[in-house]
Amino acid sequence: MLEEYVSRIEEACGEERDFVVILKYAKREEAMRKILEKCTIERTLSGVLTKGRYKGKEVSVFRTGKLILKGLKERKEAEEILEELLA
């Protein structure tokens, strides 16, 4: 599932382990729709950024097809959450 929607996953700098996920351009609309359907939306900023929660983790979805997953322990956890969100 990840190969279909995700271009790459990178670890962000900082104290907590945050992950930046870049969606494949051709599939980004479909992927963002699936992700936002499963998240509890907390707020939307000018249609550019939507912040939500999934299983207690903060998920920021940018209109450009970039995601930020905050407060994770390791890359494997990020991949598992992405698999669930994109299923």
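Residues numbered from 1 in each chain as written. Predicted model: local features only at pLDDT ≥ 70, side-chain atom pairs only at ≥ 80, totals over all residues. Heavy atoms only, no water.

**Examining unusual backbone geometry**
Step number 1: Positive phi outside glycine occurs at serine 46, with the angle close to 50 degrees.
Step number 2: Counting through the fold element by element, serine 46 comes out in the loop between β3 (40-45) and β4 (49-54).
Step number 3: In this structure serine 46 comes out as exposed when scored by relative accessible area, which is 74%.
Step number 4: A positive phi is found at lysine 55, a non-glycine position, where the angle reads about 50 degrees. (Helix = DSSP H or I, 4+ residues; strand = E, 2+ residues; numbered from the N terminus. Buried < 20%, exposed > 50% of the residue type's maximum accessible area, 1.4 Å probe, protein only.)

**Considerations on the sheet that holds strand β2 (residues 17-23)**
Step number 1: Ordered in space as β1-β2-β6-β5-β4-β3, the six strands form an open sheet in which the pairing is antiparallel. The sheet is open, and its two borders are formed by β1 (6-11) and β3, each paired with just one other strand. Across the sheet, the axes of successive neighbouring strands diverge by a mean angle of 20 degrees, strand direction being ignored.
Step number 2: Sheet topology places β4 next to strand β5 (residues 57-62); six bridges connect them, and they run antiparallel. Counted as the bridge partner of lysine 51 is serine 60 from β5.
Step number 3: Strands β2, β3, β4, β5 and β6 (66-72) of the sheet are contacted by helix α2 (residues 28-38), whose axis makes an angle of about 150 degrees with β5.
Step number 4: The strands touched by helix α3 (residues 75-86) are β1, β2, β4, β5 and β6; relative to β6, the strand with the most contacts, the crossing angle is about 125 degrees. (Pairing = 2+ DSSP bridges. Axes fitted to C-alpha atoms, helices over the stretch in contact; angles between N-to-C directions. Contact = heavy atoms within 4.5 Å.)

**Observations concerning the pairing of β4**
Two faces belong to every sheet, and in a regular strand the side chains alternate between them.
Step number 1: As defined by bridge partners, β3 adjoins β4 across five bridges and the pair is classed as antiparallel. Residue pairing across strands places leucine 45 opposite leucine 49, the latter belonging to β4.
Step number 2: In this antiparallel pair of consecutive strands, β3 and β4, the connection spans three residues, and serine 46 shows a positive phi of 50 degrees.
Step number 3: Where β4 hands over to β5, the hairpin turn is made up of two residues, of which lysine 55 adopts a positive phi near 50 degrees.

**Looking at α2**
Step number 1: If you check which residues of α2 are buried, you get Arg28, Ala31, Met32, Lys34 and Ile35. In a view along the axis of α2, the buried residues occupy a sector of 160 degrees, so they form one face of it.
Step number 2: On its buried face, α2 sits against α1 (2-5), β2, β5, β6 and α3. (Arc of directions from axis to C-beta.)

**Things to note about the side chain of serine 60**
Step number 1: Here serine 60 is to be found in strand β5.
Step number 2: In this structure serine 60 comes out as buried when scored by relative accessible area, which is 3%.

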